[in-house]
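What follows is the residue order along each chain.
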Amino acid sequence: MKRNFTVVIERDNESGGYVGFVPGVPGAHTQADTIEELHIHLKEVIELCVVDMDEEDKKYIPDFVALSQVEAAV
């Protein structure tokens with residue numbers, strides 16, 4: 001069975017590469033030099049993390065709702 005996962009991708013200002021993680025999937029995070037490479041790594045890490053989850057835990061993987069930005073004084 002295939003499923004779409006929401007991933008968060010950020011630029012690592014120190015290395016210039018990209019970091020990605022999957023909210024709601026413990027351990028599903030990785031990094032790469034390009035977005036394309038990051039997508040490959042994310043797919044691999046999602047498959048590795050989810051295969052170890054029991055069926056009950058899989059029910060709690062969150063469904064995507066929306067993206068939003070919040071402005072704050074920092």
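As the structure is a prediction and not an experimental result, all values here were calculated from the model. Residue numbers restart at each chain and count upward from 1, following the sequence in its written direction. Residue-level local features of this predicted model are given only where pLDDT is at least 70; pairs of side-chain atoms are given and counted only at 80 or more, and the full residue set underlies all totals for whole chains, interfaces and linings. As a convention, hydrogens and water are excluded, and side-chain values are obtained from all of the structure's heavy atoms.

1. A closer look at the pattern of salt bridges
For salt bridges, the criterion is a side-chain nitrogen of Lys or Arg within 4 Å of an Asp or Glu carboxyl oxygen. According to the stated counting rule, one finds 3 salt bridges in the structure shown. Across the pair R3 and D63 runs a salt bridge, and its minimum N-O distance is 3.3 Å. Residue R3 is located in the segment before strand 1 (8-11), and its partner D63 is located in the segment after helix 2 (55-58); the two are separated by 60 residues in the primary sequence. A residue is classified by how much of its surface remains accessible, and R3, at 35% relative accessible area, is partly exposed. The buried label applies to any residue whose accessible area, calculated with a 1.4 Å probe on protein chains only, is under 20% of its type's maximum; exposed applies above 50%, and partly exposed to all values in between. The class for D63 is exposed, based on a relative accessible area of 61%. In this structure, E55 engages K58 in a salt bridge whose closest nitrogen and oxygen atoms are separated by 3.3 Å. With E55 and K58 both in helix 2 and 3 residues apart, the pair spans about one turn of that helix. Secondary structure is summarised from DSSP: a helix means a run of H or I of at least four residues, a strand means a run of E of at least two, and numbering begins at the N terminus for each.

2. Some words on the sheet that holds strand 1
Two strands pair if DSSP finds at least two bridges between them. The antiparallel open sheet is built from 3 strands, whose spatial order is 1-2-3. The open sheet has two free edges, formed respectively by strand 1 and strand 3 (29-32), since each of these has just one partner strand. Ignoring which end each strand starts from, the neighbouring axes of this sheet average 20° apart. Here 4 bridges tie strand 2 (residues 18-21) to strand 3, and the two strands are oriented antiparallel to one another. If you follow V19 over to strand 3, its bridge partner there is Q31. Simply put, an axis is a line fit to the C-alpha atoms, just over the touching stretch for a helix, and the angle between two N-to-C directions goes from 0 to 180 degrees.

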